[in-house]
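# Topology and contacts: notes
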Amino acid sequence: MEFDSVKSIVPFSLTLPREKPYLGTLRKGEEPNASGYFVRRGNGTVYPVFDRSVLVRIETRSGIVGWGETYGLVAPGAVGEIINDLLAEFIVGRDPTDPAAIYDDLYGLLRVRGYGGGFFADALAAIDIALWDVAGRIAGCSVANLLGSAVRQTIPAYVSGLPEDSLEKRAELAKSWLVRGFDSFKFALPMADDGPKAEMSALRSALGEKARIAVDMHWSHTAAQATELIEYMAPCGLWFAEAPVWTEDIEGLSRVCRDSAVPIAVGEEWRTVYDMRHRIERCRIAIVQPEMGHKGITNFSRIHDCAAERGIEVIPHATIGLGIFLAASLLASAAMPRVTAHEFQHSIFEPNRRLVLGDMDCVAGSYSIPTGPGLGTEPSPEAVAQMVPMGKGAASLARRN
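Residues numbered from 1 in each chain as written. Predicted model: local features only at pLDDT ≥ 70, side-chain atom pairs only at ≥ 80, totals over all residues. Heavy atoms only, no water.

## Brief notes about the overall build of the protein
Put simply, the test is: Counting from the N terminus, the helices are the DSSP runs of H or I reaching at least four residues and the strands are the DSSP runs of E reaching at least two. Computation of the radius of gyration draws on C-alpha atoms alone. For the globule rule, the value is 2.2 Å times the number of residues to the power 0.38. Note on exposure labels: buried denotes an accessible area under 20% of the residue type's maximum, exposed denotes more than 50%, and partly exposed covers the range between, all computed with a 1.4 Å probe on protein chains only. Residue contacts are counted whenever heavy atoms from the two residues lie within 4.5 Å of one another. Values of accessible area rely on a 1.4 Å probe in the Shrake-Rupley scheme; residue burial ignores everything except the protein chains shown. Under the convention used here, Asp and Glu are negative, Lys and Arg are positive, and both His and the chain ends fall outside the count. By convention, charge coordinates are those of NZ in Lys, CZ in Arg, CG in Asp, or CD in Glu.
Assigned secondary structure in the protein consists of 14 helices and 18 strands. The C-alpha atoms of the protein give 21 Å as radius of gyration, which agrees with the globular expectation for 401 residues (21 Å, within 12%). In terms of its C-alpha atoms, the protein occupies a principal-axis envelope of roughly 65 × 45 × 40 Å. Here the protein holds 401 residues, and the buried ones make up 58% of them. A fraction of 74% describes how many contacts in the protein between residues 6 or more apart in sequence connect residues 24 or more apart. Element-wise, carbon and sulfur atoms account for 53% of the exposed surface of the protein, whose accessible area totals about 15900 Å². For the protein, the centre of its 40 positive side-chain charges and the centre of its 49 negative side-chain charges are spaced 1 Å apart.

In structure tokens form, the structure reads like this:
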């Protein structure tokens, strides 16, 4: 039987305005430049004043369309160029029902040259998600079923980020989500203007003793500093401490994991299962946080399986995006028994939800898993109208139309 094959792949950039930048109002010294980028003083990291994603549209010869998504926060043209100039021609004509094989082939193209992460891996992640979407639509089932079977229809969600300007308002915001049925929270340490102990104390007072409270330390400390800060916050009841040291500092991570009684969570910025394997031999990691927008479904699954082998808890990360890689993350998580919770970026999900079609939702402390074939989710006509085709993909799209 002749198989369906990939006919075209087109990357798009989508930029969406925000009422206030991610994590909250700009602090003193955080003025945006001409490109709309600014640097958070608390962690030295660049952010845009808007939301932006790179989306990928893959179409087969029979007309089946799948969507993928990755980060486009900064330099989205880098991802678009990698897809257009390098990867697209190696995908056209391939059987889309075996996304993992295509991922491995594409990843191997630059292994000898040492490119196994960064923008290259982000481009692979978007392509991988789109291929899994196509594969599910061809099979007439969800991605969760392709991965095995959905072990749940809902996933516990924790509220991430409290983008208010004062400690009092952040505590009030957290309490408003508690009233709506959420019992787990995470705050960003770089935005704790009054210090970590004050932030933890205020949140604990507002949320009560039963609520779980985690801290995102944003890779901003030495091992000694991170350990001291964690010990400082621990008496208020700390669920987990995320990203305590620079991602390159594996020895420092090992020391924090060894010296801290609080569970340590890492892995958002990893691109592949190899990044995990480099660390788990040396670091007593309690929680891994695969980010679908960086990894794609193939490596997300491999990281979960690696965690399962080691008895490590999996709590996926989810940050700025339209919603396509969030749907992929939820569907993959639904098929993976080590997943115990999932991040809920309310300040992104809520404003952007009108731009995705499907029944994905997050209410009363839980995500509902998208239903339907593939991802069960796709950009709305409003979103598609705002997408900008990138590079050679734009030219091919214009010729087809």
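## Things to note about the sheet that holds strand β5 (residues 65–71)
Defined as follows: DSSP calls a pair of strands paired once it identifies at least 2 bridges connecting them. A fitted line through C-alpha atoms represents every axis, and for helices the fit uses only the stretch in contact; the resulting angles, taken between N-to-C directions, go from 0 to 180 degrees.
Taken in spatial order, the four strands of this open sheet run β5-β4-β1-β18, and their pairing is antiparallel. Both outer strands of the open sheet, β5 and β18 (388–389), are each paired with one neighbouring strand and no more. Judged from the two bridges that link them, strand β1 (residues 6–16) and β18 form a sheet pairing that is antiparallel. What sits directly across from Phe 12, in β18, is Pro 389. Lying on the sheet, helix α1 (residues 76–87) is in contact with β1, β4 (51–60) and β5; it crosses β1 at an angle near 175°.

## Observations concerning the packing of helix α6 (residues 196–207) against helix α7 (residues 223–233)
Selection rule: Convention used here: angles under 35 degrees read as roughly parallel, angles over 145 as roughly antiparallel, angles from 65 to 115 as roughly perpendicular, and any remaining angle as oblique. By convention the crossing between two helices is left-handed if the near helix lies anticlockwise of the far one by an angle smaller than a right angle, and right-handed if it lies clockwise. Each residue gets one label: Ala, Val, Leu, Ile, Met, Phe, Trp, Tyr, Cys and Pro are nonpolar, Asp, Glu, Lys and Arg are charged, and the others, such as Gly, are polar.
Their axes nearest at 9 Å, the elements α6 and α7 cross at an angle of 30°. It follows that α6 is roughly parallel to α7 by the angle criterion. Taken as a pair, α6 and α7 cross one another with a handedness that is right-handed. Residues Pro 196, Lys 197 and Met 200 of α6 form the contact with α7, whose participating residues are Leu 229, Tyr 232 and Met 233. Here the contact of α6 with α7 is built from residues that sort into five nonpolar, no polar and one charged.

## Quick notes on unusual backbone geometry
A positive phi angle, close to 50°, is found at Ala 75, a residue other than glycine. Summarising the element assignment, Ala 75 is placed in the loop between β5 and α1. The class for Ala 75 is partly exposed, based on a relative accessible area of 36%. Non-glycine residue Ala 243 carries a positive phi angle of around 50°. Along the chain, Ala 243 falls in the loop between β9 (241–242) and α8 (250–259). Owing to a relative accessible area of 4%, Ala 243 belongs among the buried residues under this scheme.

## A word on the nonpolar core
Inclusion rule: The nonpolar core is taken to be a set of buried Ala, Val, Leu, Ile, Met, Phe, Trp, Tyr and Cys residues, with the residues joined through side-chain atoms within 4.5 Å.
Phe 187, Met 276, Ile 285, Val 288, Leu 322 and Phe 344 are the most contacted members of the largest nonpolar core, which has 87 residues in total. In terms of residue count, the dominant contributor to this core is helix α11 (residues 324–334) (nine residues). The residues contacting Ile 285, other than those within four sequence positions of it, are Leu 253, Cys 257, Ile 264, Val 266, Trp 270, Arg 279, Ile 280 and Ile 312. Core analysis: the second largest hydrophobic core is formed by 25 residues, Val 54, Val 56, Leu 110 and Leu 124 among them.

## Side note on the packing of aromatic side chains
Going by this rule: Only rings of Phe, Tyr and Trp enter the pairing, Trp through its six-membered ring, and a pair is recorded when the two centres are within 6.5 Å. The plane angle decides the type: under 30 degrees is stacked, over 60 is edge-to-face, the rest tilted.
Summed over the entire model, instances satisfying the criterion amount to 15 aromatic pairs. Ring geometry for Tyr 103 and Tyr 107: centres 6.3 Å apart, planes at 10°, overall stacked. In this pair, Tyr 103 and Tyr 107 are both assigned in helix α2 (residues 99–108), four residues apart and thus about one turn of the helix distant. For the residue pair Tyr 103 and Tyr 107, the accessibility class agrees, reading buried in each case.

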